[in-house]
There are 2 protein chains.
Amino acid sequence: MVGCFSCGTARINVPFGGEEMTTKISADIPQALAALHQLLGERLSRSKYDLDEHGRSESYFPTTPPDAVAYPENTQEVVELVKICAAHGCPVIGYGTGTSLEGHALAVRGGLVVDFSRMRAVRDLRLDDMDVTVEPGLTREALNSELCATGLFFPVDPGANASLGGMAMTRASGTTAVRYGTMRDNVMGMEVVLSDGHVIQTGSRARKSSSGYDLTALMVGSEGTLGLCTALTLKLHAQPEAIAAGVAAFDKFDAAVRAVQDIIQIGLPMARIEFIDEATVRAVNSYSGASFPHKPHLLVEFHGSETAVAEQAREFGEIIADHGALGFEWSARPEDRTSLWAIRHTAYWAILAERPGTRAVVTDVCVPISKLAQAVSETQAELAESLLAAPILGHVGDGNFHAILLFDPNQPAEHEEAKRLSDSMVQRALSLGGTATGEHGVGMGKTNFMLNEHGNAWSVMGTLKMALDPIGIMNPGKLVPPRN
Amino acid sequence: MVGCFSCGTARINVPFGGEEMTTKISADIPQALAALHQLLGERLSRSKYDLDEHGRSESYFPTTPPDAVAYPENTQEVVELVKICAAHGCPVIGYGTGTSLEGHALAVRGGLVVDFSRMRAVRDLRLDDMDVTVEPGLTREALNSELCATGLFFPVDPGANASLGGMAMTRASGTTAVRYGTMRDNVMGMEVVLSDGHVIQTGSRARKSSSGYDLTALMVGSEGTLGLCTALTLKLHAQPEAIAAGVAAFDKFDAAVRAVQDIIQIGLPMARIEFIDEATVRAVNSYSGASFPHKPHLLVEFHGSETAVAEQAREFGEIIADHGALGFEWSARPEDRTSLWAIRHTAYWAILAERPGTRAVVTDVCVPISKLAQAVSETQAELAESLLAAPILGHVGDGNFHAILLFDPNQPAEHEEAKRLSDSMVQRALSLGGTATGEHGVGMGKTNFMLNEHGNAWSVMGTLKMALDPIGIMNPGKLVPPRN
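Residues numbered from 1 in each chain as written. Chains lettered and ligands numbered in written order. Predicted model: local features only at pLDDT ≥ 70, side-chain atom pairs only at ≥ 80, totals over all residues.

### Some words on the overall build of chain A
At step 1: From N to C terminus, chain A includes 18 helices and 20 strands.
At step 2: Taken against the 2.2 N^0.38 rule, which gives 23 Å for 484 residues, the C-alpha radius of gyration of chain A at 23 Å falls within 12% of a compact globule.
At step 3: Structurally, chain A occupies a C-alpha span of about 70 × 55 × 45 Å along its principal axes.
At step 4: For chain A, buried positions account for 58% of its 484 residues. (Helix = DSSP H or I, 4+ residues; strand = E, 2+ residues; numbered from the N terminus. Rg over C-alpha atoms; globule rule 2.2 N^0.38 Å. Buried ≥ 20, exposed ≤ 12 C-beta atoms within 10 Å, placed from the backbone.)

Put into structure tokens, the structure is as follows:
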């Protein structure tokens, strides 16, 4: 669709089957904005502040302000604004809290950013069924505050206090995925406004179903390219009766990975199992005055009954001892847990504080666990030859890890080097049977690897996109192959 | 596509966006069969025995023999046969072990049934990663035999010794879904031959990914309407160190459901939690000479360490006692477990044996657990007014239950009554926020409910089908809306 809005014609190539059709669409943004203003009044913003705010990302991508920002208050308004955008060929991009690390919400073809911050109601909380229907702008922390007294919680934890709609659309996960799964596993259904303004309900409130295509799973991780999510139903989980947390240092990272493999093999149910490398430990020590040994560390958490978590922690300690762990401290007391895990909670800030004024390319890859030690050690070797500081940390139970590639924004060469290192990590992950992104999504940063990772299946993604968004207004320029 | 093969023209209606195109396809089955014979030789069968065998179903649908049965031995042969069928407009229907309860593999438009019984290799078993890539004809029991000595197993258990390809394509589950999930949760990726002969690899061997549309989830449960699965990668799980099983009777079914709700709410990890009604107990007693009280029963199983399963069984016993359970027997010794669960393992045969010569409509619905007691009691009331015997049993942790509606095949009125009762169960499940099928799939039996359950989303399923199978050769007549 590149350039199509300037000539008013989109030449739509159907990748599957080789058929081709040309659809005339008007691409008149000013007309779209006039109609949107009529619909939304002051809730259509064109202020410089708003455009800049919604054109920025948490990551290293250039600022790309949209033409306008809409603040709908209900599904019907989203339907109306999508119909206006469809009629005028105006791109529509969903926006939650702006915490994407891959520039998902950037209006790279201009158009309308739809900010869901006025749609954050809990529509229906069903304690008996342990599920909840929420609007997409609600954040995970706000949901968990609402749930605090119910004995239930929503476990998916990507770190940032992201919106639940954004988390669904990027298939987010985080530290607890090893126990509770990702958004793929925890979204039961969605209300979606499609590119022609039709509203569909995907999924069911039944805990399982074999009734038709799994449209929920198709929408989760679709990054707003197939439609806008206006509500979602989430699985809730029992707040654990007890939590035990522990920390262990290792001389070598690969011994830590082998220990975790053994622990998974015997089915010991870890709720979180994180690793951080020496560079991260050094940063944490100098940031917080701690004195952790300058070694790779594993951090573990168990959820269950008091007896169960104690048994699990003891068993974990025995297995890692067999793999050469340098001691293992654990506790089920909240204050001790907090201090044990401080090393993880302060890691990102400690890393950034090491070099004030730096920015970071925060990259994310995921490999089969048997390849994790190799992927990390080869990455560390490559990083050691670079001038950039780049600590590594991640979710060892999933084979998912991140490098925080620090660069001076005033030194373009450093930025280029950070991107080169990130690309190299992705290529290595793919060559080891992994994926270009375990949890951050494709967005602007990973499109270049889609063909390599998916082959023919990437073209099928383009076919599905074409089928559901034939004029290409839903978050164009992302995820699928470019149209001819 | 009804009737299109007779005139040689398919008028293809694109439901989404209202566009319409007419595609000329030849529909020359004899030519297709000649080319297929050239490709497969004796592995293309037209024997009456083979056609009848592949035209029958486990359920009550009329026998509909295909035009031929193919026995491919590798992916490349599947590619070639699909290309031949596409060129001649010949329907292509995948076939595993024929254990579908909804007639998924019936060639209702004629054409070619592709029997995967010669594709049942374990392509790659990766113990370190706890995953395995298999061919679609391998059965779940054969896989578990191969895994026996490894400490791992594949937990999805629909009862029948189904093929893993068939289980994936129908999104099967069964008794262990409450702990290990369904095929949705346990298929990591697939090799799929699309309707134009292209082969795609969906998913990744990484444990999680945010890289693009979830094509694996789109294919799981697609019932062969989007392509043929020629290989699949499955998650494996640790064989539990210990298993405890137990049985409890209740005066009232709704007390049993409330007990299970409480147990789920506190996060007690049940590996199976089944219920059977009084009618099933009576059948089991007279079939096997047992003397279980004529009451609704719960059957539970726990997987974990010896300490954990014992603690869980004790806690389970305490909670159900609070809900009026009439005692609770449990054991972690294999021989005791087997005898405790005999009530469940013999249930289906005991039910059929009550009325020799009968056949059954085995229906399957799933509701939110808060509605399960209501759904079951209303169903029981309706069944009590019918002349048919119809025991109820199911997976209480998922809200999924079955009625086995027995009818005399020589009495058409009984068959009609069984279908009416099944339809009524589905309508009730939908009105309670549930789904028309929790695990059996749509097939021939549930298409009539798709519009009611999915609304606009059913039309979106049709759009996706049209995009990936524009000429409509992949298992036509199933799952999606009929084309105009």
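### Thoughts on the interface of chain A and chain B
When the parts come together, some accessible area is lost, and that loss is often what is quoted as the size of the interface.
At step 1: Counting residues at the interface gives 84 residues for chain A and 84 residues for chain B.
At step 2: With 10 residues, helix 18 (residues 456-468) of chain A is the single largest residue contributor to the side of chain A that touches chain B. (Contact = placed C-beta atoms within 7 Å.)

### Some words on the nonpolar core
At step 1: Grouped together as the largest cluster of nonpolar side chains are 309 residues, with contacts concentrated most on A:L36, A:V114, A:L405, B:L36, B:V114 and B:L405.
At step 2: Not counting the four nearest positions on each side in its chain, B:V114 is found in contact with B:A70, B:P72, B:V78, B:L81, B:V92, B:I93, B:G94, B:Y95 and B:L228. (Core = buried A, V, L, I, M, F, W, Y, C linked by C-beta atoms within 7 Å.)

### Some remarks on helix 13 (residues 334-345) of chain B
Residue and element names in this part refer to chain B.
At step 1: Burial in helix 13 covers these residues: L340, I343 and R344. Down the axis of helix 13, the sector holding all buried residues measures 115°, keeping them to one side. Those residues of helix 13 that are exposed and angled more than 90 degrees off the buried face are P334, E335 and T338.
At step 2: Along its buried surface, helix 13 packs onto strand 14 (242-249), strand 15 (272-276), helix 11 (278-288), strand 16 (297-304), strand 17 (329-331) and helix 14 (347-354). (Arc of directions from axis to C-beta.)

### Let's talk about the packing of helix 18 of chain A against helix 18 (residues 456-468) of chain B
At step 1: Axis separation between helix 18 of chain A and helix 18 of chain B bottoms out at 9 Å; the angle between their running directions is 135°. Classed by the angle they form, the pair helix 18 of chain A and helix 18 of chain B counts as oblique. The handedness of the crossing between helix 18 of chain A and helix 18 of chain B is right-handed. Mapping the contact onto sequence places A:V460, A:T463, A:L464, A:M466, A:A467 and A:L468 in helix 18 of chain A and B:V460, B:T463, B:L464, B:M466, B:A467 and B:L468 in helix 18 of chain B.
At step 2: Taken together, the residues of the contact of helix 18 of chain A with helix 18 of chain B break down into 10 nonpolar, two polar and no charged. (Axes fitted to C-alpha atoms, helices over the stretch in contact; angles between N-to-C directions. Parallel < 35°, antiparallel > 145°, perpendicular 65-115°, else oblique. Left-handed = near helix turned anticlockwise from the far one by under 90°. Nonpolar A, V, L, I, M, F, W, Y, C, P; charged D, E, K, R; others polar.)

Limitation: the analysis is restricted to geometry and does not speak to function.
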